[in-house]
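The primary structure of each chain is shown beneath.
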Amino acid sequence: MTFPVHAIKSNFPIFTHRPELVYLDNAATSQKPLSVIQTITDFYTKENANVHRGLYELSSRATKRYEEVRKKVISLIGASNQNTVAFTKGTTESINIVAYSFLKKKLKAGDKVVISAMEHHANLIPWQQVCKESGALLEIIPVNEVGELRLELLDSLLDKRVKLLAITHISNVLGTINPIEEIVFKAHKLKIPVLIDGAQSVGHYPIDVKKLDIDFLAFSAHKMFGPLGTGVLYCKEALAPHVDPHTYGGGSIKNVEFEETEFLDYPHKLEAGTPNIPGVLGLGAAVDYIQQLDIHEAIHHTKNLTISFKDKLKSLGGITLVGQAQNFGSIVSFQVKNIHPHDVSGFLAHANIAVRAGHHCAQPLLESMGVPATVRISFSIYNTMDDVDKTIDAILGVKKFWS
Ligand SMILES: Cc1ncc(COP(=O)(O)O)c(C=O)c1O
């Protein structure tokens, strides 16, 4: 069956309002289907009330719907207990919570945290900072010249002093898909907990936290067709009691006295204050949207676009692909000989083609590969072969303009 890309594209109102738009910055944020937008508008228009507080119908309804989103999320990520899912502002906040409210109290001078060279700053800086504050060491799994992790070094990097391993599922720069099953297996042999940064994978690729035995999974709604400002921190049940509240206030407590506070269990202890209720409901609608797609067909579609784009790009000549891993997602980073990535993206912008140029919040990665910046193209389910061809034509135009 051919992938119903045109029907899918019609679910995203931005393309009706901007028919000329070729949106290829999906790794930064995806567009939103009408069902997600409508869910948020309906909440404010017809159902606005705070959660976990009122006994009146509107408030209990908001609470019920808010809590139901946890069930939707666990079915997406293969968890079995809805109380393993905490709502956060996004991947960045989720990772910071693990760094500061789980790891920091365990870290002593001489301990180690292991990450990889291909991490987004969100999965680097929090570990760098907790390590600095506690005298621990941040160890880096390097990447090879094609942009794959040098996993042959993992055994020598992992030892009893490592208190956490944090790794991205898919690189937001190189598109590399990492073998997280193998990585988690090796870490668990030494009882090292593993955090997976799922910002580029959840909702786009199947992920099963139970099967993969993932300890923490962080991701953002806005990269998987949901709203901005909402994300998830999944935490395995056994570790949940060891995650402390990170923000203090109402909504996260069992009992408060002037001297002491008794907190609720995970996930509620992480959700002090009024949460982003429409954001969470919008995340629920995004999960519903994803679950009515055939994810394998969707992957096949975006992979076809990616392969076709790479082939056509290479045939233009004077192109360097940055990252050519065997197992790759729908992200392509490249450089055009003698033309700065910002000039390429600026030229494409004039042709209504939205792409990203720069270091993509992974400055140390690009430095380690000897590349100051790249142009990044990232495909999603609503992109078409026409988008690929328009972009290739525009890149040809850039090359002619600067020749
Ligand atoms: C791999 C990866 N991790 C983390 C993040 C940070 O996500 P957010 O800005 O939604 O917190 C991003 C965003 O681009 C990302 O691509």
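Please refer to the structure placed before this passage.
First, a word on scope: everything that follows refers to the structure included in this document. (Residues numbered from 1 in each chain as written. Predicted model: local features only at pLDDT ≥ 70, side-chain atom pairs only at ≥ 80, totals over all residues. Heavy atoms only, no water.)

**A few points about the sheet that holds strand E14 (residues 356-358)**
Rules: Strand pairing is assigned whenever DSSP identifies at least 2 bridges connecting the two strands. Secondary structure follows DSSP: runs of H or I at least 4 residues long count as helices, runs of E at least 2 residues long count as strands, and numbering of each begins at the N terminus. Axis definition: a line fit to C-alpha positions, over the contact stretch in the case of helices; interaxial angles, taken between N-to-C directions, run 0 to 180 degrees. Residue contacts are defined here by distance: any two heavy atoms, one from each residue, within 4.5 Å place the two residues in contact.
Spatial ordering of the open sheet is given by E11-E12-E15-E14, a layout of 4 strands whose pairing is antiparallel. If you trace the sheet from one side to the other, it starts and ends with strand E11 (319-321) and E14, each paired once. Averaged over all neighbouring strand pairs, the angle between strand axes comes to 30°, with direction disregarded. With 4 bridges connecting them, strand E12 (residues 331-336) and strand E15 (residues 374-378) associate as antiparallel partners. Across the sheet, residue Val332 finds its bridge partner in E15, namely Ile377. Here helix H10 (residues 295-315) sits on the sheet in contact with E11, E12 and E15, set at roughly 10° to E12.

**Some thoughts on the pairing of E12**
Defined as follows: Under the scheme applied here, a residue whose accessible area is under 20% of the maximum for its type counts as buried, over 50% as exposed, and between as partly exposed, the area being computed with a 1.4 Å probe on protein chains only.
Among the 6 residues in E12, 5 count as buried, and that is most of the element. As paired elements, E11 and E12 share 3 bridges and run antiparallel to each other. Paired with Ile319 across the two strands is Val336, which belongs to E12.

**Some details on the pattern of salt bridges**
Two side chains of opposite charge can pair, provided their charged atoms sit close to one another. The condition that has to hold: Criterion for a salt bridge: a side-chain nitrogen of Lys or Arg within 4 Å of a carboxyl oxygen of Asp or Glu.
Applying the stated criterion across every chain yields a total of 21 salt bridges. One salt bridge connects Lys104 with Glu133, and the closest N-O pair in it is separated by 2.8 Å. Residue Lys104 is located in the loop between helix H5 (91-103) and strand E3 (112-116), and its partner Glu133 is located in helix H6 (residues 125-134); the two are separated by 29 residues in the primary sequence. Of the charged contacts, one joins Asp386 and Lys390 as a salt bridge, the two residues approaching to 3.6 Å between their closest N and O atoms. Residue Asp386 and its partner Lys390 are both found in helix H13 (residues 385-401); the two are separated by 4 residues, about one turn of the helix. Residue classification places Asp386 among the partly exposed positions, given a relative accessible area of 43%. Given a relative accessible area of 35%, Lys390 falls into the partly exposed group. Each of Asp25, Arg356 and Arg376 takes part in a single network of salt bridges with overlapping partners.

**What to know about the state of the cysteines**
Heads up, the rule is: By convention in this document, the label disulfide applies to cysteine sulfur atom pairs within 2.5 Å.
According to the stated counting rule, one finds 0 disulfides in the structure shown. In this model Cys131 remains outside any disulfide bridge; the closest cysteine sulfur is found in Cys235, 19 Å from its own. Accessibility expressed as a relative area gives 3% for Cys131, which makes it buried.

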